[in-house]
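One-letter residues, chain by chain:
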Amino acid sequence: MRSTEATSAPGGLGWNRETATLALLSFAMLIVSLDQYIVVVALPDIARDLGYSAQTLQLVISTYAVASAGFLLFGGRAADLLGRRRILATGLALYAGAALAGGLATGPGLLLAARALQGLGGALVFPTTLALINTTFPEGRSRNRALGIWGGAGAAGLVIGVLLGGLLTQAFGWEAVFLVNVALAVPALLLVFVLIPPDGEREKGRTFDLPGALSVTLGVTSIVFALVQGPGLGWLSPGIVISAVAGLLLLGAFAVRERRSSDPLVPPRLLSNPNLITGVVIAFMFMATFGSVLYFLSLYFQQILGYDALQTGAGFLIPTAVVVAGSTTAGQFVTRFGLRITLVAALAFGALGAVLLGLAIAPDGSYIELIPGFIALSIGDGVVFTTMFIAAATGVADREQGIASGIASTGSGVGAAVGLAVLVLVATAGLDDLAGERLRVATADGISTTLFAVAGGIVVTLLLAVTRCPMSKLPEPAPVSAQGRRC
């Protein structure tokens, strides 16, 4: 959908149907991003009311992560072949229904089932909103600005989720962190049928490779499950080993299937697009580093500083504002300075912020000491979130934007699982057999060490950006045929 209505300025968004569509897609992205962390501060109340143990409570987080990461590629391809409006509406409907079930759950099993369905809904919504943005706005300044707004909503959702979760849990109980998603997703679902044009007829000759989709979905899901559960169950436990081996075998079967398919799920030409590959790797590293910080800071607020749910949520007000500002302006930075300079500068800010936070975190630390690190890390967080998706979409034809978005978002989903699994090991090393004040001090030290590890991961990502992205700025306007141009 490319509107012919005039915009307010060259490269601007203007006040027209495109703007309304962008607002809807950004709102949908905000909704699914919220759920990454909205339940974090409600976990103690959920454990008390539904009977979770300390070992099983983290399943409330990981079940969503596993389902979401596993189905992102499926969602992106389904959007291309079955229709983007259909898949977006289906995802929002699943998301709203699962949120309602979660809010009404009376036992741990019911809640986990609802979280899995929420993850599936999010996996349909995430790549579809990205694909719709990339096909609505032409490559270059207009798309960069649109992705800045979309990215701002997504990046902000991760932080706002913690803030909103604290407010809702304190005021109405843990059930509210699920029911609020119903109130958000239902209006968005209705607006889909108002603002998104109906899907046209399916393109002749293109098929939905169901065996390939199932093998890659189950393969990614199995591997993410092993990564998420490995720290708790033990890396050599039978369940983890079986899950990891099954995942690798399924991905091997997917690779064989792709080579033999006349219409593969992942077209080989996409894997030769240097922009997409760079965007995927950076998305992986971004979620493994930046994306894990909120979890550990939430633990620091509650377990070390003694904050309640409301205070923990309020503690994320500053990073929320900075992340939104960074992400919404990232597109303009890319247009003016190019992807390489923008990414390198943002990653440098992020690494500095992680170091400052690592130095500030201490058993007797204070919130004021965290603010410089918060600001620097959040600048990098917001700018990189948007920029990595601009890179991934560059040079991809409209008919393949859904699968390209699915590949990029799968990279971010797997990165979140890998990063959290590794960093949890770093943060909890040496905590066994400790209790009381000794445990509190060791926990603070572990979180501090984890922030330094995050800084190291961001530096690795920075080096990748330096070597993979040339200095040149994107031409304006950028032709679709520019597949070979690097980011």
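The shown structure was predicted, so the numbers you read here are calculated from the model rather than taken from an experiment.

(A) Local environment of the environment of isoleucine 87. Topologically, isoleucine 87 is positioned in helix H4 (residues 84-103). Residue classification places isoleucine 87 among the buried positions, given a relative accessible area of 9%. The contacts of isoleucine 87, once residues within four sequence positions are left out, are Gly75, Ala78, Ala79, Leu82, Leu124 and Thr128.

(B) Structural view of the nonpolar core. In terms of nonpolar packing, the biggest core is built from 126 residues, with Leu111, Trp150 and Leu370 touching the most fellow members. The element that contributes the greatest number of residues to this core is helix H11 (residues 274-304), accounting for 14 residues. Beyond its immediate stretch of four places on either side in the chain, tryptophan 150 contacts Leu25, Ser26, Met29, Phe126, Thr129, Leu130, Ile133, Phe385 and Phe389.

(C) Summary view of helix H5 (residues 108-136). Along its 29 residues, H5 runs 42 Å from first to last C-alpha, staying within 8% of the 42 Å computed at 1.5 Å per residue. Burial analysis of H5 places 22 of its 29 residues in the buried class, which makes it a mostly covered element.

(D) Structural view of the packing of helix H3 (residues 59-82) against H4. Remark: H3 packs on H4, axes separated minimally by 8 Å, with the N-to-C direction vectors making an angle of 155°. Compared by their axis directions, H3 and H4 come out roughly antiparallel. Residues Tyr64, Gly75, Ala78, Ala79, Asp80 and Leu82 of H3 lie in contact with H4, whose contacting residues are Arg84, Arg86, Ile87 and Tyr95. Classifying every residue of the contact of H3 with H4 gives six nonpolar, one polar and three charged.

(E) Highlighting the side chain of arginine 84. Take arginine 84: it is sitting in helix H4. Residue classification places arginine 84 among the buried residues on the basis of a relative accessible area of 15%. Separated by 2.7 Å, the side chains of arginine 84 and aspartate 80 make a polar contact. If near-sequence neighbours (up to four positions away) are discounted, arginine 84 is found in contact with Ala79, Thr128, Ala131, Leu132, Thr135, Asp199, Asp398, Arg399, Gln401 and Gly402.

What counts and how
Each chain carries its own residue numbering, running from 1 in the direction its sequence is written. Reporting of local features is limited, given that this is a predicted model, to residues whose pLDDT is at least 70; pairs of side-chain atoms are given and counted only at 80 or more, and all residues count toward the totals for whole chains, interfaces and linings. Only hydrogens and water are removed before side-chain values are computed, so all heavy atoms of the structure are retained for them. The secondary structure listing takes helices from DSSP runs of H or I that are at least 4 residues long and strands from runs of E that are at least 2 residues long, numbered from the N terminus. Each residue's exposure class comes from its accessible area (1.4 Å probe, protein chains only) as a fraction of the maximum for that residue type: buried when under 20%, exposed when over 50%, partly exposed otherwise. The contact rule is simple, with two residues in contact once any of their heavy atoms fall within 4.5 Å. By convention a nonpolar core is built from buried Ala, Val, Leu, Ile, Met, Phe, Trp, Tyr and Cys residues, the set being connected through side-chain atoms within 4.5 Å. In this analysis, the expected span of each helix is defined as 1.5 Å times one less than the number of residues it contains. Angles run from 0 to 180 degrees between N-to-C directions of axes, and those axes are lines fitted to C-alpha atoms, restricted for helices to the stretch in contact. Each angle receives one of four descriptions, namely roughly parallel if under 35 degrees, roughly antiparallel if over 145, roughly perpendicular if within 65 to 115, and oblique otherwise. Under the scheme applied, nonpolar residues are Ala, Val, Leu, Ile, Met, Phe, Trp, Tyr, Cys and Pro; charged residues are Asp, Glu, Lys and Arg; polar residues are all the others, including Gly. Residues adjacent in sequence count toward polar contacts only when both atoms are side-chain atoms; beyond that, a polar contact is any pair of N or O atoms within 3.5 Å, and within protein one must be able to donate a hydrogen and the other to accept it.

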